[in-house]
Amino acid sequence: MERMQRQLLRQFIKTVEQKTTTDEHFIATLESLTGLVWDCACKRPKRSSSTKGVNLNTQRKHGFCELCGNQTEFAAFMSTVAGQHINDVELEDRKKLELSHQYCEVHRPKLANGEWNPTYRQAKRSLTQFNIELKRLTHQCANRSKPHAMSGDELIDSYFFQLMLRLTLQPADKAELRNLARRMVDSKLSDTKKKMLVLKRSGFSQAEIGKRILNAKQQPMTRQAVSKALASVRKEFLL
Ligand SMILES: [Zn+2]
């Protein structure tokens, strides 16, 4: 149901929407309902220990990895189990315990050989920034007709506004939004770079951008520094 509503809503926005207040209310209502359906599907049962012989509830949706938009290891495993009619007692308990309810395979804290996973550590260090970017992206795609990222900075808001204009993401596209935020953080698209991209898009030269953007020491940036920073931006994040 959730997937179908998202598809229909996207179609509505592309074909029927007139940008009237009624349309906005209609879209917001559908967004809320899809959100509610998804949250219901993710709800954990009150009793988590399963009775012997009772099939695992493979219909129940499982959560996202805390650090990206992938399913957690356990959720992914459950999808594999689905349809094979394996019941709980047939699963090796040990195997189940090893699977993370919190992280996906890429972000599991320890590798199979027992060593710390560097990808996990790196992602964990940027967790705060990940959540900030996710919030901005979600705000912006909920209200794409004007800058609405609520970052507190006009240029950064403008960046999210322009980026979202060429994407068809909806707030209900949680996995895609989470993955986008993760790629943004992993590719080190800082707020400074976002501001530079907006200024560049507005027609400023690299030297002019440098004068307007301060570096970490609160000094204007050189043209070379601006050029280097802009060259490091991933193609999907260019404006
Ligand atoms: Zn992950």
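What you see is a predicted model, and the numbers here were worked out from it, not measured in a lab.

A. Quick look at the side chain of Asp 23. Within the secondary structure, Asp 23 is located in helix H2 (residues 21-42). In this view, Asp 23 contacts Phe 12, Val 16, Glu 17 and Gln 18; residues no more than four positions away in its chain are not counted.

B. Local environment of the layout of surface pockets. The computed volume of the second largest pocket comes to approximately 520 Å³. Along the walls of the second largest pocket sit 20 residues, with Glu 17, Ile 27, Ala 142, Asn 143 and Arg 144 positioned nearest its centre. Those elements giving two or more residues to the lining of the second largest pocket turn out to be helix H1 (2-15), H2, helix H6 (127-142) and helix H7 (154-165). The biggest single contributor to the lining of the second largest pocket is H2, with four residues. Taken together, the residues of the lining of the second largest pocket sort by class into nine nonpolar, four polar and seven charged.

C. Layout of empty space enclosed by the protein. Inspection of every chain in the model, using the stated rule, returns one cavity of 30 Å³ or more. In this structure, the largest cavity occupies an estimated 50 Å³ of space. In terms of lining, the largest cavity is formed by Gln 5, Arg 6, Leu 9, Leu 30, Glu 31, Thr 34, Gln 170 and Ala 172. When residues of the lining of the largest cavity are traced back to their parent elements, those giving at least two are H1 and H2. When the residues that make up the lining of the largest cavity are grouped by side-chain class, the tally is three nonpolar, three polar and two charged.

D. The arrangement of the coordination of the zinc ion in detail. Taken together, the protein donors to the zinc ion comprise Cys 65 (SG), Cys 68 (SG), Cys 104 (SG) and His 107 (ND1), at separations of 2.1 to 2.3 Å. Angles of 102 to 114° at the metal separate the four donor atoms of the zinc ion, which places the site in the tetrahedral class. Considered as a linear motif, the donors of the zinc ion on their single chain read C-x2-C-x35-C-x2-H. Placement of Cys 65 in the loop between H2 and helix H3 (73-81) and of Cys 104 in the loop between helix H4 (93-98) and helix H5 (118-125) is noted, with a sequence separation of 39 residues between them. Residue Cys 65 is classed as buried on the basis of its relative accessible area, which comes to 0%.

E. Region of interest: the pattern of salt bridges. Under the definition given, this model contains 13 salt bridges. Residue Lys 194 pairs with Glu 133 through a salt bridge whose shortest N-O separation is 2.6 Å. Of the two residues, Lys 194 is situated in helix H9 (residues 191-201) and Glu 133 in helix H6; the sequence distance between them amounts to 61 residues. The same class applies to Lys 194 as to Glu 133, namely buried. With a closest N to O distance of 2.9 Å, Asp 191 and Arg 136 form a salt bridge. A residue pair is termed long-range when its members are at least 10 positions apart, and Asp 191 in helix H9 and Arg 136 in helix H6 qualify at 55 residues. Arg 136 sits in the buried class, given a relative accessible area of 8%. Each member of the salt-bridge network shares a partner with another, and the members are Arg 6, Arg 10, Asp 173 and Glu 176.

How each quantity is defined
- Residues numbered from 1 in each chain as written.
- Predicted model: local features only at pLDDT ≥ 70, side-chain atom pairs only at ≥ 80, totals over all residues.
- Heavy atoms only, no water.
- Helix = DSSP H or I, 4+ residues; strand = E, 2+ residues; numbered from the N terminus.
- Contact = heavy atoms within 4.5 Å.
- 1 Å grid on protein atoms, 1.4 Å probe; cavity = no way out; pocket = protein on both sides within 12 Å on 5 of 7 lines; lining within 4 Å.
- Points joined across faces, edges and corners; volume = space filled by probe spheres on them.
- Nonpolar A, V, L, I, M, F, W, Y, C, P; charged D, E, K, R; others polar.
- Donors = N, O, S within 2.8 Å, 3.2 Å for Na, K, Ca; no water.
- Tetrahedral: all angles 85-135°; square planar, octahedral: opposite > 155°, others 65-115°.
- Buried < 20%, exposed > 50% of the residue type's maximum accessible area, 1.4 Å probe, protein only.
- Salt bridge = Lys/Arg side-chain N within 4 Å of Asp/Glu carboxyl O.

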